[in-house]
Amino acid sequence: MKAQIQYIRTHLRQPWLLAVLCIAVIPIFPEYISIPLAGCSIWAAAYDAKARRQSLFIGTLGKLLLVFIAYMAVGVFYSDNPLNSLSTLAMWVIMFLVYLAMTTVLCNKQRFDTALFCIALVAGIVGLISCFQYGLNLVLSSHVPQQFWGWIDRVVYQWFPMPLNLNDFGSRVSSTFTNPNIVAEYLVMVLPFVIYYAFSGKRTRVRILCRVCLLTAVGGIAFSFSRGSYLALLCMVLVLCVANIRKLSVIIMSAVSLLVLVPDSVMERFFSVGSMDHSISERWSIWGVTLKGILENPIFGRGPGIQNTWDMLVEAGVNAPHAHNLVLELLVEGGIIALFIMMLIGWKVLRTGIHLLGNQEVSFMGVTLIAFVLAFIMHGMVDFPLLCPKLVGTFMMVIAFTDVASRLYLGQRNADLSTMAPTSLRRRRLASDSVAMSSLSK
């Protein structure tokens, strides 16, 4: 652990590490802080690329993300809520900077390893805050706020054009997010990578720290009381069991040992998955109304942004902000075209994971990507994990990890972003580079 911390201290002033840290800490701060952090990360990444005489890089998945964003931009013009659609488009454009920064600075295995270490630490911190919130609520007679930043969010969001739910969620905690479901969605996305860093490689000194982070992250999922995240967690365990069939007995014994520590309230929430309570019955109503709305605009949808879905649901007498289903929400906002692009992205992530299984050095990374895809889909069946900037930024980060792993371990060649610019701009850049080189030679 000391060696890893010393490495970070040594390189702290280097722009690539600044870019990684700006992205890694996004989940710790409020949603509105993620925007300047994303801007800072791309600035640092561009500075690092310039020092290495390179440009910003974009991989295959990044190009598909650009296609999705471009299609979203078209949807702004026919949306019934163009301002909300425009803000959603802006969110995706800004968070795409996270992808660009990561694919640019993670140019070698050491940097990739450091980025995973930072992500594991932040996930552990977010989970630890959740555990403290839940524990203090049990111990103290006074109520402990479930939203870590709620005291400032209530001031800032007064000026926000769309109402947000910052109400009381009972015993469910939200950590540094605004909603228990949202913190669970974040932890589900990063947990496979925390597991990877905690158990792969020869990290003897940081292994204990990362396993503690893994436990607190799982605790954060547990105390969110999000049943969708519980099912996603089971998907991860299933993938790990299949991938490590020789160690199946050890995995089962470890899981049983952890279950002893799980509070009864969490177990009761888990076993209520099949019951027809208010939350589940409300989702059935949401999905019924959403399916009818999709049939009205099946190809292109109603335009990006959850406001279109919200208006449709409220008009039908259901007060819900979105479809509580990734597939249905994509169909409402962008129709079959948006769903197809996102499915293609998911398939390529899954295929990259399958290809990495054949590389003995990083076969566990292949298992990690497969676990991410299955868990993301499972959770997406009952919620919308692309709702806010921090969730979209986390998704962009995972997509960047996939392209980086493809480049470092499968030999995929990422494209220089400047090659995607118009021909005239490329000629100007080549001319300026040649002038600079000639002046240096003189």
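Residues numbered from 1 in each chain as written. Predicted model: local features only at pLDDT ≥ 70, side-chain atom pairs only at ≥ 80, totals over all residues. Heavy atoms only, no water.

## Overview of the overall build of the protein chain
Broken down by element type, the protein chain carries 18 helices and two strands. The buried share of the protein chain, taken over its 442 residues, is 53%. For the protein chain, the proportion of contacts with a sequence separation of at least 24, taken over those separated by at least 6, is 76%. In the structure as shown, the protein chain presents an accessible area of about 20900 Å², 68% of it carried by carbon and sulfur atoms. (Helix = DSSP H or I, 4+ residues; strand = E, 2+ residues; numbered from the N terminus. Buried < 20%, exposed > 50% of the residue type's maximum accessible area, 1.4 Å probe, protein only. Contact = heavy atoms within 4.5 Å. Areas by Shrake-Rupley, 256 points an atom, 1.4 Å probe, with all protein chains shown as cover.)

## Details of the side chain of Arg-283
Relative to the elements of secondary structure, Arg-283 occurs in helix 13 (residues 278-296). On the basis of relative accessible area, Arg-283 is assigned to the buried category, the value being 12%. Engagement of the side chain of Arg-283 in a polar contact is seen with the backbone oxygen of Val-382, the distance being 2.9 Å. Excluding residues within four positions of it along the chain, Arg-283 makes contact with Asn-181, His-324, Val-382 and Asp-383. (Polar contact = N/O pair within 3.5 Å; in protein donor to acceptor, adjacent residues only side chain to side chain.)

## Quick notes on the packing of helix 5 (residues 82-105) against helix 17 (residues 389-409)
Where helix 5 meets helix 17, the axes come as close as 8 Å, and the angle between the chain directions of the two elements is 30 degrees. Between helix 5 and helix 17, the crossing angle belongs to the class labelled roughly parallel. In terms of crossing hand, the pair formed by helix 5 and helix 17 is right-handed. Touching Met-91, Trp-92, Met-95, Phe-96, Val-98, Tyr-99, Met-102 and Thr-103 of helix 5 are Pro-389, Val-392, Gly-393, Met-396, Met-397, Ile-399, Ala-400, Phe-401, Asp-403, Val-404 and Arg-407, all from helix 17. Across the contact of helix 5 with helix 17, the residue classes tally to 15 nonpolar, two polar and two charged. (Axes fitted to C-alpha atoms, helices over the stretch in contact; angles between N-to-C directions. Parallel < 35°, antiparallel > 145°, perpendicular 65-115°, else oblique. Left-handed = near helix turned anticlockwise from the far one by under 90°. Nonpolar A, V, L, I, M, F, W, Y, C, P; charged D, E, K, R; others polar.)

## So, the environment of Asn-319
Mapped onto the secondary structure, Asn-319 falls in the loop between helix 14 (306-315) and helix 15 (326-356). For Asn-319, a relative accessible area of 63% corresponds to the exposed category. A sequence separation of 37 residues divides Asn-319 from Glu-282, and the C-alpha atoms of the two residues are 9.3 Å apart. Leave out the neighbours within four places in its chain, and Asn-319 touches Glu-282, Trp-310 and Val-314.

## Section: helix 3 (residues 34-51)
An ideal rise of 1.5 Å per residue puts 26 Å on 18 residues; helix 3 measures up with 26 Å between its terminal C-alpha atoms. Buried within helix 3 we find Ser-34, Leu-37, Ala-38, Ser-41, Ile-42, Ala-44, Ala-45, Asp-48 and Ala-49. Down the axis of helix 3, the sector holding all buried residues measures 165 degrees, keeping them to one side. Exposed side chains of helix 3 directed beyond 90 degrees from the buried face belong to Trp-43, Tyr-47, Lys-50 and Ala-51. Tucked into the core, helix 3 has its buried residues touching helix 2 (15-24), helix 5, helix 6 (109-139) and helix 17. One or two positions beyond helix 3, positive phi appears at Arg-53, with a value near 55 degrees. (Expected span 1.5 Å × (residues − 1). Arc of directions from axis to C-beta.)

## Let's talk about the pattern of salt bridges
In this structure the tally under the stated criterion is four salt bridges. Residue Arg-52 pairs with Asp-48 through a salt bridge whose shortest N-O separation is 2.9 Å. Residue Arg-302 pairs with Glu-296 through a salt bridge whose shortest N-O separation is 2.8 Å. Assessed through its relative accessible area of 17%, Arg-302 is described here as buried. (Salt bridge = Lys/Arg side-chain N within 4 Å of Asp/Glu carboxyl O.)

## So, the packing of helix 8 (residues 180-199) against helix 10 (residues 227-243)
Viewed as axis vectors pointing N to C, helix 8 and helix 10 meet at an angle of 15 degrees, and their least axial separation amounts to 10 Å. Taken together, the axes of helix 8 and helix 10 are roughly parallel relative to one another. Our pair here, helix 8 against helix 10, has a crossing hand that is right-handed. Here helix 8 contributes Ala-184, Val-188, Leu-191, Pro-192 and Ile-195 to the contact with helix 10, which in turn contributes Ser-229, Ala-232, Leu-233, Met-236 and Leu-240. For the contact of helix 8 with helix 10, the class distribution of residues is nine nonpolar, one polar and no charged.

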